Amino acid sequence: MAEPKVKYDRQLRIWGEQGQAALEKSSICLLNCGPTGSETLKNLVLGGIGSITVVDGSKVEVGDLGNNFLVDESSVGQSKAKCVSSFLQELNDSVKAKFVEEYPEALIETNPSFFSQFTLVIATQLVESSMIKLDRICREANVILIFARSYGLTGFVRISLKEHTVIESKPEHFLDDLRLNNPWLELKSFADSIDLTVQDPVAHKHIPYVVILVKMADEWAKSHGGKLPSTREQKKEFKDLLKARMVSQDEDNYKEAIEASFKVFAPRGISLDLQRILNDSSSEVDSNSSDFWVLVAALKEFIANEGGGEAPLEGSIPDMTSSTEQYINLQNIYLAKAEADFLVMEQLVRSILKKIGRDSNSIPKATIRSFCKNARKLRVCRYRSIEDEFNSPNLPELQKYLTDEDSSSGGATFVGRGAMAPPKPLNFHIAVGIYILLRAVDRFAANYNSFPGQFDSATDEDIPRLKSAAISLLSDLGCNGTALAEDLINEMCRFGAAELHAVAALVGGIASQEVIKLITRQFVPMSGTYIFNGIDHKSQLLSL
Amino acid sequence: MAESAATQPSRSRDLDKLLLRPGNLVGPRFEPSAQLRDDVQNHARVLVVGAGGLGCELLKDLALSGFHNLDVIDMDRIEVTNLNRQFLFRVEDVGKPKAEVAAKRVMERISGVNIVPHFCRIEDKDIDFYNDFMIIALGLDSVEARSYINNVACSFLEYDSDDNPLEETIKPMVDGGTEGFKGHARVILPGVTPCFECTIWLFPPQVKFPLCTLAETPRTAAHCIEYAHLIKWNEAHGGTAFDPDNPQHMKWVYDEAAKRAELFGIPGVTYSFTQGVVKNIIPAIASTNAIISAACTLETLKIATECSKTMSNYLTYNGSEGLHTKVAEFERDKDCLVCGPGVLIEVDTSVTLQKFMNLLEEHPKLQLTKASITHRGKNLYMQAPPVLEEMTRSNLCLPLFELMGKLSKDVIHVNGMTNKNNQKVSCLRKLRVTFKGVDGVTDMDTAGGA
């Protein structure tokens, strides 16, 4: 019985039981099970997704054996959807695997309601016209949609849904919530109960830095008209005061205090990112609002009133040099404050729910608790519809990508020591060129019934044809006179719509990782369109 | 099958577009042809080091990228916790050697592919074993193992008299690594791009808790667990070494940690967390392994064929907050002891170790005093401690040529003091020693063969 849990141990350490439960509840539809689709789904089946439905109308050909691991010799001539789905079932028997032997394009045309049964649709290797239609259907039905495509050494991944909100964004580097610049009463009185001038050297070097900084900041404020250090000189002076309190060189707690003193200098209140969410019109809630926005509405009230400009306290503290007793006491003070803030928030949530005509208990305590703990880290992701982007891309951005050779915005700067070559101009040209050409090949296919270079016989005449398709696309988008690199056009014809296994595995790997973030509602999914550049790996996210 | 033979169905339908057609953004020596494809298939041997999360993916990716002669080496057996990502293994495989099962599964599904498994430690193989491969792909999870393979691959590297690497001695490596949603893929061409040792700082040392914190002022669940694991276990079990794979041992540590946590009022000790701390478990998922392995495979294919540009030279991927990929071009450490050319010194076979040390002091580039000298891990002369000094003192009057096993040329490492900005600083140098008059035979052999 314990086995599934053991099997998933290495991923439970990332997204926990709750994330895993969300995965196991979800049902996923894959359109086209070539290597890109197969590899995307393989990664999700291994992780224990609830159910999968593979949609593909084609039969397995000999050529498929060379790029898709999920079909083998015995599959040739059989339904590809059936073969892929049965191999996936073999990978994990707790997953429900189904297949539909039908072409996705046909399904999109004839049976749009088919898609509403799924949590999420992964659409691979679709051409533009089908992408647009499917996107409309999924938006209407509130089904999450993700596109993935591999094309020669290039490809893209694009998420599409109206809105994705995240409570547990789990950022890697985020300042802890210690309130050293704005301590509440209980924290202050705890600090006051500890004597910084204690004679016993062992006691002196075990006073937690939080206490040291609260006391020293208080002392400073008293002699500076209630203000904390703000200028460079004041900050240095404050640190020197800390240094002067050390009684020996080996006092790690004081070293930690000096290192953490910037937390005293930090401005009070909430971040601009959070302010933007509070200002969002969705925070004016009504009966149609999602739980997330109800919680945001409560948060807004909390910050304006009881919170005194601050979000609910997170309640956890980092490890620091301290005696066990003082550390545990400190931990309890933070926990108590977090609990008090949570209780206020709970009341606010309940009363807002009542006000908008919902059951006041319809948001569980655990959700409110998690929201309070993560209030500073909330994220809202919104995605343009495919149709909007395709017809009227963000023109200034597009122009910038097409002309910008400056590396400052996304260059290969790397934080760390050691020798680094000077940053070279990071070529947005290639990424945006790939973006344009991936769209141009679909126009090409609509005209000539095959992709450029798909057949050996026509490669030479396809190059100028693809070029003119790209030029006409650019002009339709309002980018007249922009030139694309000839080399890249040639390469796209050389690729001839080949689906290389390694590229498919990479693009599929990215798509599956985004699916996991979307379904677990943890971490932050990508924004914009990810253009994979397998030529030199200088891939880019384009916000169009 | 017979009916479709007319249209000549080919397994390499997609790959052929890349390998048979001329391209514009390709390497200088790309020669598109069916011959190239067949050469990759028949002659390009690739070694995959590790048959875990990355290794399984690498084997599949390489086999489907035209490489039909693969070897895989791994000393581990399959565990239940591997199954969420190591897709070549099933529940019934638990306990079997990873390398063997992985090789078998890929060969079952892809006909024409030959994979030789090696169920052993990487150190168990002769150095020459590694020289048989065109490219080495690393799917490892430890710094030590990477360092080892890096040392081996760099040991094949030779330089000409102008300190330029000899192309035919370069053993390319591609290296992948993942942790949760993050990973890296890199290309190492010893002598051309930085080797693992050149950028060792990319792997910061693991943080260890001070023992006095564990013993006297525990504050976190991890402190309680490490106390039970590192201190209490030895007190209670004297002779028996702790075995992290023994469930009884783990349970004992967990129970002790829980007791200690309760005593101090510390929250958070669970069995799962205990395992995580004690075994230093790195979270791992299928998707990241797939991404990184695929990037490594693409680069392997490019090194073998030059069918596109090569990534230079270090790709990082981070999917936890949005999606970030970056390629950084790191530079070689010119003085790298592993892949650097070292300083070339030519001496007579009659020169004694003492005379050689005098030469080091006078050498304009080195000015190296108080030298301690090692050759292939063996101490030739040690300045300290006194016991070692005494043991090696007698070597001083012997010819260096004999001390180095009468090889015509080889590398030695010297530790000593040198002048830097008018200050004495300690330094470690790599020296390429060649002996006058004895290098002819081997060199002529290679020349004749080429």
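Residues numbered from 1 in each chain as written. Chains lettered and ligands numbered in written order. Predicted model: local features only at pLDDT ≥ 70, side-chain atom pairs only at ≥ 80, totals over all residues. Heavy atoms only, no water.

K.L.:
So what exactly am I meant to see when it comes to the overall build of chain B here?
P.N.:
Of the regular secondary structure elements, chain B holds 15 helices and 13 strands. On the principal axes, the C-alpha backbone points of chain B span a range of 80 × 70 × 40 Å. Out of the 450 residues in chain B, the part that is buried amounts to 53%. Relative to all contacts within chain B whose residues are 6 or more apart in sequence, the contacts with residues 24 or more apart total 61%. Here chain B holds 48 positive side-chain charges and 58 negative ones, and the gap between their average locations is 3 Å. (Helix = DSSP H or I, 4+ residues; strand = E, 2+ residues; numbered from the N terminus. Buried < 20%, exposed > 50% of the residue type's maximum accessible area, 1.4 Å probe, protein only. Contact = heavy atoms within 4.5 Å. Lys, Arg positive; Asp, Glu negative; His and termini not counted. Charge placed at Lys NZ, Arg CZ, Asp CG, Glu CD.)

K.L.:
Would you take a moment to explain the UniProt feature "active site" (unreviewed entry) in chain B for this structure?
P.N.:
All names here are of chain B. The UniProt record marks Cys212 with the feature "active site" (unreviewed entry), using the residue numbering of this structure. Considering the arrangement of structural elements, one finds Cys212 in helix 7 (residues 211–216). The partly exposed category is assigned to Cys212, whose relative accessible area is 46%. (UniProt positions renumbered as here; feature names shortened; annotations may be inferred.)

K.L.:
Could you clarify how one ought to interpret the interface of chain B and chain A in this entry?
P.N.:
The parts lose accessible area when they come together, and the size of an interface is often stated as this lost area. At the junction of the two partners, chain B supplies 89 residues and chain A supplies 99 residues. Carbon and sulfur atoms make up 58% of the surface buried where chain B meets chain A, a total of about 8000 Å² over both sides. When residues of chain B are sorted by the area they lose upon contact with chain A, Arg11, Arg109 and Arg219 of chain B head the list and together hold 10% of the total. A salt bridge links Arg13 of chain B to Glu61 of chain A, with the shortest nitrogen-to-oxygen separation between them at 3.3 Å. Scanning the region where chain B abuts chain A turns up 42 residue pairs in polar contact (both at pLDDT 80 or more). Of all the secondary-structure elements, those providing two or more residues to the side of chain B that touches chain A are helix 1 (13–20), helix 3 (53–63), helix 4 (98–109), helix 10 (271–278), helix 11 (286–305), strand 7 (314–318) and strand 8 (324–328) of chain B. Considering every element that reaches the side of chain B that touches chain A, the biggest residue donor is helix 11 of chain B, with 11 residues. Among the residues making up the side of chain B that touches chain A, the classes are represented as 42 nonpolar, 25 polar and 22 charged. (Buried area = accessible area lost by both parts, 1.4 Å probe. Salt bridge = Lys/Arg side-chain N within 4 Å of Asp/Glu carboxyl O. Polar contact = N/O pair within 3.5 Å; in protein donor to acceptor, adjacent residues only side chain to side chain. Nonpolar A, V, L, I, M, F, W, Y, C, P; charged D, E, K, R; others polar.)

K.L.:
Whenever I open this one, the domain arrangement of chain B confuses me. Can you help?
P.N.:
Here chain B is described as being made up of domain 1 (3–203 + 285–328), domain 2 (211–278) and domain 3 (343–449). Taking only C-alpha atoms into account, the centre of domain 1 of chain B sits 39 Å from that of domain 2 of chain B. (Domains from an automatic or database assignment.)

K.L.:
Explain the domain arrangement of chain A here, please?
P.N.:
All names here are of chain A. Split by domain assignment, chain A resolves into domain 1 (3–165 + 500–542), domain 2 (185–265), domain 3 (272–382) and domain 4 (392–495). The straight-line distance from the C-alpha centre of domain 1 to that of domain 4 is 25 Å. Between domain 1 and domain 4, the contact holds 19 residues from the first and 17 residues from the second. Roughly 1700 Å² is buried in total at the junction of domain 1 and domain 4, and carbon and sulfur atoms are behind 70% of that figure. The largest contributions to the domain 1 side of the interface with domain 4 come from Glu128, Tyr151 and Leu542, which together make up 36% of the buried area. Our enumeration of links across domain 1 and domain 4 arrives at two salt bridges. Across the pair Glu128 and Arg439 runs a salt bridge whose closest N-O atoms are separated by 3.2 Å.

K.L.:
Just to check I follow, could you spell out the side chain of His68 of chain B for this structure?
P.N.:
All names here are of chain B. Here His68 is to be found in the loop between helix 3 and strand 2 (69–73). A distance of 3.5 Å separates a polar atom in the side chain of His68 from the backbone oxygen of Gly112. Not counting residues within four places of it along the chain, the set of residues in contact with His68 comprises Val40, Gln41, Ala63, Gly112, Val113 and Asn114.

K.L.:
Would you mind showing me how to read the pairing of strand 8 of chain B here?
P.N.:
Looking along a regular strand, one sees the side chains alternate between the two faces of the sheet. Residue and element names in this part refer to chain B. Pairing geometry for strand 7 and strand 8, over five bridges, is antiparallel. Note on strand 8: the bridge partner recorded for Tyr314 is Ala328. The turn joining strand 7 and strand 8, which pair antiparallel and follow one another in sequence, is formed by five residues; a positive phi near 75° is taken by Gly322. (Pairing = 2+ DSSP bridges.)

K.L.:
Is there a simple way to think about the side chain of Thr53 of chain A in this case?
P.N.:
Relative to the helices and strands, Thr53 of chain A resides in strand 2 (residues 51–55). Ignoring any residue separated from it by four or fewer positions in sequence, one finds Thr53 of chain A in contact with Ile28, Cys29, Leu30, Lys98, Val100, Phe114 and Phe118 of chain A.

K.L.:
Where do I start with the UniProt feature "domain: E2 binding" (unreviewed entry) in chain B in this structure?
P.N.:
In the numbering adopted here, UniProt assigns the feature "domain: E2 binding" (unreviewed entry) to residues 345–436 of chain B. Secondary structure over residues 345–436 of chain B splits into 24% helix and 42% strand, and the C-alpha atoms at its two ends are 10 Å apart.

K.L.:
For this particular structure, what's the right way to read the pairing of strand 4 (residues 120–124) of chain A?
P.N.:
Residue and element names in this part refer to chain A. A large share of strand 4 lies buried, amounting to five of its five residues. Neither face of strand 4 is left uncovered, since the one carrying Leu120, Ile122 and Thr124 and the one carrying Val121 and Ala123 both have all their residues buried. Strand direction decides the pairing type here: strand 1 (residues 27–31) and strand 4, joined by four bridges, are parallel. Looking at strand 4, one finds that Ile28 is bridged to Leu120. Taken together, the five bridges between strand 4 and strand 5 (residues 144–151) define a ladder with parallel strand orientation.

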